[in-house]
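Listed below are the residues making up each chain.
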Amino acid sequence: MQSLALIENWPVPTAAAAVVTADGTVTGTHGPTAHRFPLASVTKPLAAYAALVAYEEGAVELDEPAGPEGSTVRHLLAHTSGLAFDEHRATAPPGTRRLYSNAGFEALGDHIAKVTEIPFPEYVRQAVLEPLGMTATTVDGSPAKDGVSTVDDLVRFAAEVQAPRLLDPRTVLEAQTVVHPGLKGVLPGYGHQNPNDWGLGFEIRDSKSPHWTGASSSPATFGHFGQSGTFLWIDPVAGAACVALTDRAFGPWATEVWPVLTDAVLAELA
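Criteria and thresholds
- Position labels on residues start from 1 in each chain and follow its written sequence.
- Predicted model: local features are reported for residues with pLDDT of at least 70 only, side-chain atom pairs are reported and counted for 80 or more only, and whole-chain, interface and lining totals are derived from all residues.
- Neither water nor hydrogens contribute to the side-chain values; these are computed over all heavy atoms in the structure.
- Between any two strands, pairing holds if DSSP finds at least two bridges.
- Numbering of helices and strands runs from the N terminus; a helix is a DSSP stretch of H or I covering at least four residues, while a strand is a stretch of E covering at least two.
- The span expected for a helix works out to 1.5 Å for each residue beyond the first.
- Relative accessibility thresholds used throughout: buried, under 20% of the residue-type maximum; exposed, over 50%; partly exposed, between the two (1.4 Å probe, protein chains only).
- Definition of nonpolar core: a set of buried residues of the types Ala, Val, Leu, Ile, Met, Phe, Trp, Tyr and Cys, connected through side-chain atoms within 4.5 Å.
- Here, residues are in contact when the closest pair of their heavy atoms is within 4.5 Å.
- Here a polar contact means two N or O atoms within 3.5 Å. Within protein one must be a hydrogen donor candidate and the other an acceptor candidate, and residues neighboring in sequence count only if both atoms are side-chain atoms.
- Note on aromatic pairs: the rings of Phe, Tyr and Trp (six-membered ring only in Trp) are paired at centre separations within 6.5 Å, and the planes decide the class, stacked below 30 degrees, edge-to-face beyond 60, tilted for the rest.
- The rule is short: NZ of Lys or CZ of Arg within 6 Å of the ring centre and within 35 degrees of the ring normal puts a charge over the ring.

To continue, consider the sheet that holds strand β3 (residues 37-40). The pairing of strands in a sheet happens through backbone hydrogen bonds and is either parallel or antiparallel. Within the open sheet, the three strands sit side by side as β3-β5-β4. Their pairing is antiparallel. Of all strands in the sheet, those bounded by a partner on one side alone are β3 and β4 (138-139). Taken together, the three bridges between β3 and strand β5 (residues 147-149) define a ladder with antiparallel strand orientation. Note that in β5 the partner of Pro 38 across the bridge is Val 148.

Under the 1.5 Å per step criterion, the end-to-end length of helix α5 (residues 151-162) is 16 Å for 12 residues, consistent within 8% with the ideal 16 Å. Among the 12 residues that make up α5, 10 are buried, leaving the element largely enclosed by the rest of the structure. Taken together, the buried positions of α5 are occupied by Val 151, Asp 153, Leu 154, Val 155, Phe 157, Ala 158, Ala 159, Glu 160, Val 161 and Gln 162.

A few words now on the nonpolar core. The tendency in soluble globular proteins is for nonpolar side chains to be buried side by side. Counting residues in each nonpolar core, the largest one holds 57 residues, and the members touching the most others are Leu 77 and Phe 157. Considering each element in turn, this core owes the most residues, nine residues, to helix α1 (residues 43-56). When sequence neighbours within four positions are dropped, the list of residues in contact with Leu 77 reads Ala 48, Ala 51, Leu 52, Leu 62, Phe 105, Leu 108, Gly 199, Leu 200 and Gly 201. Counting 26 residues, the second largest nonpolar core, distinct from the first, contains Leu 187, Phe 225, Val 257 and Val 265.

Before going further, it helps to spend a moment on the environment of Thr 137. In this structure, Thr 137 sits in the loop between α4 (120-129) and β4. For the pair Thr 137 and Ile 118, spaced 19 residues apart in the sequence, the C-alpha separation amounts to 18 Å. Not counting the four nearest positions on each side in its chain, Thr 137 is found in contact with Arg 36, Leu 46, Leu 129, Val 148, Ser 149 and Asp 153. Within the local environment of Thr 137, its side chain forms a polar contact with the side chain of Ser 149, the two groups lying 2.7 Å apart. At 2.7 Å, the side chain of Thr 137 forms a polar contact with the side chain of Asp 153.

For the bond running from Asn 194 to Pro 195, omega is 0°, close enough to zero to count as cis. For Pro 195, the location among the structural elements is in the loop between β7 (191-193) and β8 (203-204). For His 180, which is not glycine, the phi torsion reads 55° and is therefore positive. With a relative accessible area of 26%, His 180 lands in the partly exposed category. Backbone geometry at Asp 206 places phi at a positive 50°, although glycine is not the residue there. Its location among the elements puts Asp 206 in the loop between β8 and β9 (222-226).

A few words now on the packing of aromatic side chains. In the structure shown here, the tally under the stated rule is 14 aromatic pairs. An angle of 40° between the planes, with centres 5.6 Å apart, marks the rings of Tyr 100 and Trp 198 as tilted. Taken as a pair, Tyr 100 in the loop between α2 (73-77) and α3 (102-116) and Trp 198 in the loop between β7 and β8 lie far apart in primary sequence, 98 residues in all. On the basis of relative accessibility, which here comes to 2%, the residue Trp 198 falls in the buried class. Measuring from centroid to centroid gives 5.1 Å for Phe 231 and Trp 258, while their planes differ by 70°, and the two rings are edge-to-face. Of this pair, Phe 231 sits in strand β10 (residues 230-235) while Trp 258 sits in helix α7 (residues 252-269), and the two are 27 residues apart along the sequence. Across the pair, Trp 258 and Phe 231 agree in class, each one buried. Among the aromatic residues, those joined into a cluster by ring pairs are Trp 10, Tyr 190, Trp 212, Phe 225, Phe 231, Phe 250, Trp 253 and Trp 258. The ring of Phe 105 carries the charged tip of Lys 44 above its face, separated from the ring centre by 6.0 Å.

What follows is the structure, encoded as structure tokens:
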């Protein structure tokens with residue numbers, strides 16, 4: 001895809017990108033797609049997918065207690081547990097506010113490790129990475145932000161989410177459906193959003209503005225971006241996903257170039 005060549009003009013030392021359609025076809029790549037990049041918060045969808053495997057295996061229930069008192073696995077996945085951004089302290093009752101929380105995903109990892117008796121990084125490896133052939137990916141440390149991966153591996157993950165084999169498609173549909181509709185919150189890097197919609201581990205675009213996807217992205221688009229200059233979006237209407245990884249921290253440069261790339265990719269797919 002010619003549109004992916006736009007990453008050559010990004011003000012970053014290294015960048016790689018790819019597009020994969022809903023049938024698993026990689027329609028284009030650009031840059032060093034085998035280079036390992038820190039994912040930052042793009043780690044969260046991988047951790048969430050592992051949590052959903054644990055749910056389907058019967059190790060956890062989405063509505064069982066986890067995290068602060070009154071919160072559940074579902075609350076942790078949807079950033080509605082009430083936990084602060086980077087502190088394991090409750091700042092709101094569960095289900096009342098959309099408080100984006102790294103601490104919530106760390107509590108989720110701890111909970112799954114406790115009930116399965118498997119360290120969460122190992123659980124992610126066994127449940128998601130190994131079955132998908134994501135041999136260059138690790139989720140060591142925090143399940144909120146310490147993943148390292150390649151474009152090649154994330155393309156495999158994006159293909160899985162679009163045509164699930166590890167999970168029941170109904171579970172994946174639930175993951176991309178708004179949990180606790182109507183909640184306000186801050187989208188890191190983009191300010192207050194009303195509503196600030198999320199599914200189970202995936203951010204949902206809906207009508208958010210400003211946003212890191214494109215002006216032509218459908219409201220059904222879901223995914224995640226990371227503070228290490230990374231993103232993964234899946235647009236069910238376009239029937240495709242795009243991965244872009246860089247080694248420059250998120251900032252104004254990203255808010256300028258990411259939507260341009262997304263719109264160019266979607267125009268080329270149309």
